[in-house]
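Chains, contacts and geometry: an overview
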Number of protein chains: 4
Amino acid sequence: MLDETANGVFTIAVTPFLPDGAIDWDSVDRMVDFYIAQGATGLTVLGMMGEAGKLTAEESVALVKRVTARSSVPIVVGVSAPGFAAMKALSDAAMDLGAAGVMVAPPGSLKTDAQIVAYYHNTAEALGSAPFVLQDFPLVTNVTIPTSAILQIVADCPTCVMLKHEDWPGLEKISALRAASDAGARRISILCGNGGLYLLEEMLRGADGAMTGFAYPEMMAQVVETCRSGDVTRARDIFDAYLPMVRYEAQPGLGLAIRKFTLAQRGVIAHPALRKPGAGLSDAAKGEVLALAERQQQALQKLAL
Amino acid sequence: MLDETANGVFTIAVTPFLPDGAIDWDSVDRMVDFYIAQGATGLTVLGMMGEAGKLTAEESVALVKRVTARSSVPIVVGVSAPGFAAMKALSDAAMDLGAAGVMVAPPGSLKTDAQIVAYYHNTAEALGSAPFVLQDFPLVTNVTIPTSAILQIVADCPTCVMLKHEDWPGLEKISALRAASDAGARRISILCGNGGLYLLEEMLRGADGAMTGFAYPEMMAQVVETCRSGDVTRARDIFDAYLPMVRYEAQPGLGLAIRKFTLAQRGVIAHPALRKPGAGLSDAAKGEVLALAERQQQALQKLAL
Amino acid sequence: MLDETANGVFTIAVTPFLPDGAIDWDSVDRMVDFYIAQGATGLTVLGMMGEAGKLTAEESVALVKRVTARSSVPIVVGVSAPGFAAMKALSDAAMDLGAAGVMVAPPGSLKTDAQIVAYYHNTAEALGSAPFVLQDFPLVTNVTIPTSAILQIVADCPTCVMLKHEDWPGLEKISALRAASDAGARRISILCGNGGLYLLEEMLRGADGAMTGFAYPEMMAQVVETCRSGDVTRARDIFDAYLPMVRYEAQPGLGLAIRKFTLAQRGVIAHPALRKPGAGLSDAAKGEVLALAERQQQALQKLAL
Amino acid sequence: MLDETANGVFTIAVTPFLPDGAIDWDSVDRMVDFYIAQGATGLTVLGMMGEAGKLTAEESVALVKRVTARSSVPIVVGVSAPGFAAMKALSDAAMDLGAAGVMVAPPGSLKTDAQIVAYYHNTAEALGSAPFVLQDFPLVTNVTIPTSAILQIVADCPTCVMLKHEDWPGLEKISALRAASDAGARRISILCGNGGLYLLEEMLRGADGAMTGFAYPEMMAQVVETCRSGDVTRARDIFDAYLPMVRYEAQPGLGLAIRKFTLAQRGVIAHPALRKPGAGLSDAAKGEVLALAERQQQALQKLAL
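In this report, we go over the structure that sits alongside the text. (Residues numbered from 1 in each chain as written. Chains lettered and ligands numbered in written order. Predicted model: local features only at pLDDT ≥ 70, side-chain atom pairs only at ≥ 80, totals over all residues. Heavy atoms only, no water.)

1. Some details on the overall build of chain A
- Helix and strand content of chain A: 12 helices and eight strands.
- On C-alpha atoms alone, chain A measures out to a radius of gyration of 18 Å, which is about the 19 Å that the 2.2 N^0.38 rule sets for 305 residues.
- The C-alpha extent of chain A, read off along each of the three principal axes, is 50 × 45 × 35 Å.
- Expressed as a percentage of contacts within chain A between residues at least 6 apart in sequence, the contacts between residues at least 24 apart total 73%.
- Roughly 10,400 Å² of accessible area belongs to chain A as shown, and the carbon and sulfur atoms make up 54% of that amount. (Helix = DSSP H or I, 4+ residues; strand = E, 2+ residues; numbered from the N terminus. Rg over C-alpha atoms; globule rule 2.2 N^0.38 Å. Contact = heavy atoms within 4.5 Å. Areas by Shrake-Rupley, 256 points an atom, 1.4 Å probe, with all protein chains shown as cover.)

2. Thoughts on unusual backbone geometry
- Here K276(B) and P277(B) are connected by a cis peptide whose omega angle stands at -10°.
- Phi is positive for N142(C), which is not a glycine, with a value near 65°.
- Here N142(C) lies in the loop between α5 (138-141) and α6 (147-156).
- Positive phi outside glycine occurs at A304(C), with the angle close to 60°.
- Mapped onto the elements of the fold, A304(C) is located in the segment after α12 (283-302).

3. Concerning the relation of the copies chain D and chain A
- Rotating chain D by 180° about the axis while translating it 0.0 Å along that axis superimposes it on chain A, leaving an RMSD of 0.0 Å. Taken together, these values place the two copies in the relation of a two-fold axis. (Least-squares fit on C-alpha atoms with pLDDT ≥ 70 in both.)

4. Observations regarding the state of the cysteines
Residues and elements named next belong to chain A.
- Applying the stated criterion across every chain, the model contains zero disulfides over all chains.
- Here C227 is not cross-linked by a disulfide; its sulfur's nearest cysteine counterpart is in C192, at 11 Å.
- Judged by relative accessible area, which is 12%, C227 ranks as buried. (Disulfide = S-S within 2.5 Å. Buried < 20%, exposed > 50% of the residue type's maximum accessible area, 1.4 Å probe, protein only.)

5. Thoughts on the side chain of E218(A)
Residues and elements named next belong to chain A.
- Mapping E218 onto the fold places it in helix α9 (residues 217-229).
- On the basis of relative accessible area, E218 is assigned to the buried category, the value being 9%.
- Within the local environment of E218, its side chain forms a polar contact with the side chain of R266, the two groups lying 2.5 Å apart.
- If we ignore the near neighbours within four places in the chain, the residues touching E218 are Q38, Y242 and R266. (Polar contact = N/O pair within 3.5 Å; in protein donor to acceptor, adjacent residues only side chain to side chain.)

6. Points about the sheet that holds strand β6 (residues 160-165) of chain A
Residues and elements named next belong to chain A.
- Strand order in the closed barrel formed by eight strands is β1-β2-β3-β4-β5-β6-β7-β8, and the pairing between neighbours is parallel.
- Strand direction decides the pairing type here: strand β7 (residues 189-192) and strand β8 (residues 209-210), joined by two bridges, are parallel. Counterpart to L191 in the pairing with β8 is G209.
- Strands β3 (75-78) and β4 (101-104) of the sheet are contacted by helix α3 (residues 84-96), whose axis makes an angle of about 155° with β4. (Pairing = 2+ DSSP bridges. Axes fitted to C-alpha atoms, helices over the stretch in contact; angles between N-to-C directions.)

7. Topic: a nonpolar patch on the surface
- Taken together, M48(A), L139(A), V140(A), M48(D), L139(D) and V140(D) make up a surface patch of nonpolar side chains, about 480 Å² in accessible area.
- Those elements giving two or more residues to the nonpolar patch turn out to be α5 (138-141) of chain A together with α5 (138-141) of chain D.
- If you trace the backbone, V140(D) turns up in helix α5.
- Relative accessible area serves as the criterion here: at 45%, V140(D) is assigned to the partly exposed category. (Patch = residues over 30% accessible without salt bridge, like charges linked within 9 Å, V, L, I, M, F, W, Y side chains within 5 Å. Salt bridge = Lys/Arg side-chain N within 4 Å of Asp/Glu carboxyl O.)

8. Section: α3(A)
- Taking 1.5 Å as the rise per residue, α3(A) with 13 residues should run 18 Å; its terminal C-alpha atoms sit 18 Å apart, in good agreement.
- Among all positions of α3(A), only F84(A), A85(A), M87(A), L90(A), S91(A), A94(A) and M95(A) are buried.
- Taken together, the buried residues of α3(A) touch α2 (57-70), β3, β4 and α4 (113-127) of chain A together with α2 (57-70) of chain B.
- Count one or two residues on from α3(A) and you reach G98(A), which has phi positive near 105°. (Expected span 1.5 Å × (residues − 1).)

9. So, the environment of D237(D)
- Relative to the assigned elements, D237(D) resides in helix α10 (residues 232-249).
- In this structure, the C-alpha to C-alpha distance between D237(D) and G280(D), residues 43 residues apart in sequence, is 31 Å.

10. Considerations on the interface of chain D and chain A
- Contacts between the two partners involve 29 residues from chain D and, on the opposite side, 29 residues from chain A.
- Here chain D and chain A share an interface that buries about 2,700 Å² over both sides, 58% of which is from carbon and sulfur atoms.
- The three residues of chain D that bury the most area against chain A are W168(D), R247(D) and R295(D), which together make up 24% of that side's buried surface.
- Put simply, chain D and chain A have eight salt bridges between them.
- R295(D) is the salt-bridge partner of D237(A), the closest N and O atoms lying 3.1 Å from each other. (Buried area = accessible area lost by both parts, 1.4 Å probe.)

In structure tokens:
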């Protein structure tokens, strides 16, 4: 079961599709193995980058079943839904299948601090004993969650064990949360998103790792580990070598197509296909990715990585 | 099957719940009978006012099954979903169960005219032969659909047979669409929403009726029929008698609670309960509704209604 | 100077233009006289409905000068601005010219309760001794201000003396604010907006009057006065007679054109012109307004008004 | 006068303030000299990063006067305003003072393609003969401008001579605009924003340079020049050396404080002060900037820069 001590890299998994739009189950298995081999300490499925909204309820459960059966590391399942009934249905199914916890982003209708806190009270009640991750991603959800609201939720809901941190800018929020737990608040796990674009500084501010889907998860594993070992200069060397690609992947809306293209290039998934609506990359974009990959390879060789 | 000639009043049905949150099936049946008895020429289920987002996929199908089995008038089923797979799954199930058509609102991620048109192309493809209603409700969807985009969709998608019109302001849009069909564009049915707040003017601009959930559907049936008969003064008399309540129900977010309270007062549904998140009415609000209902009753007596 | 005891009707004044877009100063004078003759206890200029954003800084000051010189009732000046320097410049000029107070709406960039409160702290500091009105209009500003934040601002900023209330729905907010002041919080004036659409219920919840621009300000004066005298049935009769027009004017974006058309019809302003961007009414819309005005006249005759 | 051939780097200038909030005129002069010495081929003042909204109308004109008097390169003046009267007033004043052109971002109220095009028609009319830059920055303006609308504006408005490109993702838009001009559309200048985060790819897609405010404008000048000379590998080396800092500055809302901190560190402006609302950097953030600057310095030495 997921708890407050979770750390390392929880890779946000894509959902591989065949060219006809069906789920590509062989690629699912290969992807799980790949992420773990690259250092993932956990996996998150059915997140936004997993095209969760494009699956039917049946497909969602089937994916959780396949991934939990294959994985040797804990699985977090995105269960955000317009209503609590659907959220609870998927969460219950996922936990029954062996998931370690679930993740919930706030709906865009929430406007005030009190509404946000009340929403997570209802969430915790709906989910029962399932540990959950609070996803804080204002760029996409349009809901800004102040630190004080997060702390209130943590105080009120014992099953809230992790923050998926991707406020932007969000470094001060990490510092504020850590100052609060140093002062006595319950300390939850903070894993950071935003494609890893600020991972270096996030670790130095007190994050426990990353939860994001950069197509080279080994970067995240190495940066997290090197930071934790105290060798910040080495961590910066590694981070900087991947940064041009991290940045390129950080294009909103386009990031998933870039990520799937790279995973297909690396042989992890068979096809870079997205379900509609969701286009692939232009030839120009593919060329840009390949050029970045080549330079990245050169930079890694200099680092003996 | 729903087609371009649909007219009259398609009542947006609520989803009745028991106090514990389960669907109240007896009230569902009573509600269907009531709406038809009050003059509904069709019913729409699983719309926004039907708390569609708060049901599980199974509950949604069960509700469609119950309503189609009970109803003697055509049923439209809201199938808006974050992705086409879930949309198609519910649409296919609904049409198999005897629904007359489905309704689709645009997701908030659509930003440009071309994106909107492309979205409905994909929708039409996903839905196959099912006739569909384009729901145009910018206040809630945050997507403004210009008249030119609607006309493009109508031109490109033969299965788009109706506009649920609730742009606000939206009267000029009705006139523009009717001018376009007078000039040769395919004429689709226009049924208007916004709780009926502009029904009188909408009819005079060329609408075919209403598709909204005002808790006194007889008002809408009478106004539509009286307008069509040409007695505009009588239609205004009827409309004005109900207007204070129409206006009160038009409070966003609160409207559904008001509607369910009234339906419970009228004996149509057993409980005014909403699923979370969604609160009931304060005592002050209940008093306001009751005061309005009493004055409404007096006004109707003067009209011999 | 504006203070917490303000009540009655502060009419939101339009800014009359000549057909070439210049300010129509003669109409400004006539309009001031008209509003006062119809029962206004105050006037608000440079509000959103005053096309404040379309004036230059010089024109804004000139308008304040003209109106304060002409008026026998207190003048509130809208001074909302992207920054505090421009806000302070206009506020200082307005107060020097004899304005009674100023009004400030929050910028759309505010996301959390704490940001809203901090913004009004900065506002109060920038405005110095000028009494100010907090404008709470989420439909347009996209900022939802919870009751707790309003109470915090009232507690912290002695110069905040009035709430322009146009949250929607907003009746519970009035009740909550009045409960708070009954329990010891400073009681500020609450004048309500939204074109008067809920004026009846707002008065019964504890509002002190209206601050909005319905083109028949006599309705608001009469409803406020009749409510305060305790004759609620008479107040409802008056309110209902005007309601079809209130509702028609409530169309967002279009409301100002309707209002200016009516004011021109009534001989108050010489031209219904709006500055760009801002269109006039179609012939169909003009016909709708005239039909409503005729029926309104008949209804008022029955009430001997 | 600004025209379609503009290229290179138009630095978005900050507005330097003294600790008490007054404009720091000495720093203004020093900043102008610095930007030009670092390779700026133009300057843009009163942009969003220039805290334009926080200045009074008088201060805005005074700043334009100071900068145009000091600068040997063309000056573009941001004149975005809620209305055309204020826009025209500032534009006329700026052009009289010797500005080369003005820049206009769309207001957030624009929803459809036709509204956007109409807005720029009105803009061009209001500005008269002043050449203008269309600012395309959806992340901040909330207005998504499709390529087709840009091309329509370019076709209709001869005074639209430049696109400040900061859509995100926006690379395909550059390619599409260049394909259109290759096919006969008028070719306008495209200078890119987003802090330079995609400058390398933007140049390769056909941009003419950068218009953004990264605190090391020499990077942008060198990358643009090196790209134009055809030495893409060298351009990547330079770009990558600065990328960790570019990325750090790219934090929305915080970017300006980082930029001013760096400019103060570099001795360009005397104080890093922002006007309210707008905070400075925490000690932790200052430490992060300094650490990045030190590594950047090392990386540049390796490149003999």
